[in-house]
Amino acid sequence: MMQPTNRFKKSIPVLLVGLPKFFLHSAAFTSAPCHLPLKFPHINKDAHVSKELAPRRPTLLRSELAQNPVEPNSDSASGSRGSKEVSYAAILKVIDDFHQKDITTACPYLPKEPEVSSHSWVNNSSPKPYQSPITPILSPETANGLRSAAQSYFEQTRDETRGAFGQEVADLGRILSTSSSSASEELKKGLYEALIQQIYPLVRASWSNHDALLPSKNSHDHYDEEYSQQFPSLVVTSATVAAAGGYPGAKGAMTTLERDAGLFTVHIDLGNENEANPHDAMGGIYLESLVSSDTITEAVVGPLSLGQAVIHRSNERTAAFIVPANLRDVADSNQSLDSTTRRNIIQAAETSRHYGLRLVLTTTGVASSKRNETAKENDGDGLSGVSTQPEAPAEERAYRLRNFARFREDRIRYLTLAGLLDVDDHENHLWLGFDYIARVDNPEYRVDVNQRLSDVNKAIFHLEKAAELGPRDARVHFQLATALGAKMDCEKSLMKENSAKSETEAIQLSRVAAALERSAILESTAVKLGINGINDLATCLHALAETRCKMGEFDKALDVIDRWAECGSIRSDLAIENVGKIDNGTGGRLPMIEWLKTSDTNHKIAVKTIGDVPVFTEDDISMLRDAADRRFSHANGVPTSRYTMQYEGNSEVHLDDLCAADPSLKMRIDKILQNKVYPLVRKAFANDDEDSPEGPLCVYDSIFVRYNGDQARALGRDGASQPLHQDGGIY
């Protein structure tokens, strides 16, 4: 593993504590392309689904099918688990029925759009991806009232977290049910006026050519006779309040970067708890489709004032997050991950707890009377493939079908149907491409190389289509690079068997590198704004560095390694060095130090502190030990460290994890770093032979270890310790 270069040390915050031990293995370049997915579960025979990919509002599709068993088509094959195959028509019937149940029972306290008898259709092939009126949609009274109600609800239902709240999300209906009847009715009235007078009209005017808003499923030039003047009405199917921030170490993101169900999403800013400084922290919306190479703030809609809304189609990947009021005023030319903008966002997130309301809209649909009569004649028991309910919008059908497919071994069959229902949704192609790759990687998939190559080519086809439809989705480009690498492996195998010739390896590798580079650029924007963590970006950069080495472009590989190493500088949420005035409660005095040297050459090895000024006081130590003991006791033997190289009996936990659950501990550790640790390191290594780092010092990682001497002796060791190892970083 290479050490950071001087070029790296001078351009970004310096790594203080070493590289995690598990990276000593993962950082070594391997002979096969990296197949770790970004934000995707590994598909195995148990069809495990990552929580990150679960829909924002869970679907009951599986339980609905269990309650309404449907006989398979005569030509359907049985699944590998012995279960009967469900017909396409039956699946769509359940989706339509569930959609109808959703629009009538999900948010009955919110009004649906009044009956629409006319509609002005505007031919706009590339509408603006969002609408955000300058004038607030909610009145200050309603916005403040909703925030206060949500604050009270969270306080009543919150577990003991010693003040570290993290992200909190609750259903608006539950929040209103805990308020007084008069207050609840007043808030409902404010929401009623906002929906009827502003939100519904704005959505219909802005996306007037959306199929789901029109009465006919045919062309826009003419309507079916029975559909004429029967326009679907907009309705709210999900209403949630999210809150985040307001404590040391708080994250800026209020929601994860994902897409919603439904057709349209409305984000409404509800302001801060801290009314003394209401303008220090404000709300904003990150829209992935707005990501630009010019500046990272191009992807941000905001700052938003109290009651202001952002409306977009639900197929947009977005995240609500906290931004500083002066977001647009700071000219940030720093291209590093730890930019001024990112630090300002973190500071704003720590200032006050911020709230936002999210509404998900869909349409009621319009059923044909002839269709209903036909269904009654052919479907007396209601279990055939013909639904008596209006069809759900094609966009929502495809979304729900994708979620259903995740629990099926034959998911490619259902993902293909989702792609036919909504040909313009890039996620249909993304999931199809990913599943074809997963099929090839599955060790139980025993087929010859030609069949594997066929599957890989299908994956590439779908992922290239996904990149065309969703060019700013970092996941798409990473998966495309993975598929291209798999194709290279298959073709190499065929060349050994048949002496066949394929594209030159250099051309293939350049395509892989281009896809990975594109993914890294897109992912880094979300990291710089605090929307995503660094794990996906680090994985992508690792694969890119490996590819550059295979291409023989070692200088470019070193540049990528620098970018990969930079991820470590923002891994920790602990304070970064501030070279201002030191205030450690000891009159600015630092702990005295003593050098440990080799006996033969007198070479300096390390420093230890001596004297009457400790780095940690007795109170600091007690606080830290108590926090660690609580974590270990709650873990019930489950490992609490990311490191796997540790002696049996020892207990390890990352200091970041302890501080995330204890804001008061976070404040104490930050103060110790700023006033003692960082100045001590500067003082000790001021006359070091190597260049002194110009960037601010920061913590790469910090581990708390509780040793078990009794178990160490029982295992034959001389004493309790860590395994012999070497850390990366600088100090």
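Reading guide: rules and limits
Residues numbered from 1 in each chain as written. Predicted model: local features only at pLDDT ≥ 70, side-chain atom pairs only at ≥ 80, totals over all residues. Heavy atoms only, no water. Pairing = 2+ DSSP bridges. Helix = DSSP H or I, 4+ residues; strand = E, 2+ residues; numbered from the N terminus. Contact = heavy atoms within 4.5 Å. Axes fitted to C-alpha atoms, helices over the stretch in contact; angles between N-to-C directions. Salt bridge = Lys/Arg side-chain N within 4 Å of Asp/Glu carboxyl O. Buried < 20%, exposed > 50% of the residue type's maximum accessible area, 1.4 Å probe, protein only. Parallel < 35°, antiparallel > 145°, perpendicular 65-115°, else oblique. Left-handed = near helix turned anticlockwise from the far one by under 90°. Nonpolar A, V, L, I, M, F, W, Y, C, P; charged D, E, K, R; others polar. Polar contact = N/O pair within 3.5 Å; in protein donor to acceptor, adjacent residues only side chain to side chain. 1 Å grid on protein atoms, 1.4 Å probe; cavity = no way out; pocket = protein on both sides within 12 Å on 5 of 7 lines; lining within 4 Å. Points joined across faces, edges and corners; volume = space filled by probe spheres on them.

A. The arrangement of the sheet that holds strand β4 (residues 234-244) in detail. The 6 strands are arranged β2-β8-β5-β10-β4-β3 in an open sheet whose pairing can be described as antiparallel. Edge strands, defined here as strands with exactly one partner in the open sheet, are β2 (130-131) and β3 (168-171). Packing against the sheet, helix α4 (residues 88-105) makes contact with β4 and β10 (354-363), and its axis sits at approximately 130 degrees to β10.

B. Representation of the pattern of salt bridges within the structure. Per the stated rule, a full pass over the model turns up 31 salt bridges. The residue E396 makes a salt bridge to R400 at a minimum N-O spacing of 2.9 Å. Of this pair, E396 and R400 both sit in helix α10 (residues 394-405), 4 residues apart, which is roughly one turn of that helix. The pair E396 / R400 is uniform in exposure class, with both members buried. Where salt bridges share partners, they join R259, E288, R317, R402, D425, E427, D473 and R475 into one cluster.

C. Quick peek at the packing of helix α12 (residues 426-441) against helix α13 (residues 449-469). Two elements in contact, α12 and α13, have axes whose closest approach is 8 Å; the angle formed by their N-to-C orientations is 155 degrees. One element, α12, and the other, α13, form an angle in the roughly antiparallel class. Here α12 runs over α13; the crossing is left-handed. Two secondary-structure elements touch here, α12 through H426, H429, L430, L432, G433, F434, Y436, I437, R439 and V440 and α13 through R452, D455, V456, K458, A459, H462, L463, K465, A466 and L469. Residues belonging to the contact of α12 with α13 are distributed by class as follows: 11 nonpolar, 4 polar and 5 charged.

D. Seen up close, the environment of Y109. Note that Y109 resides in the loop between α4 and β2. Put simply, Y109 and K189 are 80 residues apart on the chain and 10.0 Å apart in space, counted from C-alpha to C-alpha. For Y109, the side chain forms a polar contact with the main-chain nitrogen of G173, separated by 3.0 Å.

E. The arrangement of empty space enclosed by the protein in detail. Taken as a whole and judged by the stated rule, the model has 10 cavities of 30 Å³ or more. As a volume, the largest cavity reaches approximately 150 Å³. Taken together, 20 residues make up the lining of the largest cavity; nearest its centre are M254, H267, A320, G356 and L357. Every element with two or more residues in the lining of the largest cavity is listed here: β4, β5 (264-272), β6 (281-287), β9 (318-324) and β10. In terms of residue count, the dominant contributor to the lining of the largest cavity is β10 (5 residues). Of the residues belonging to the lining of the largest cavity, the class tally is 11 nonpolar, 7 polar and 2 charged.

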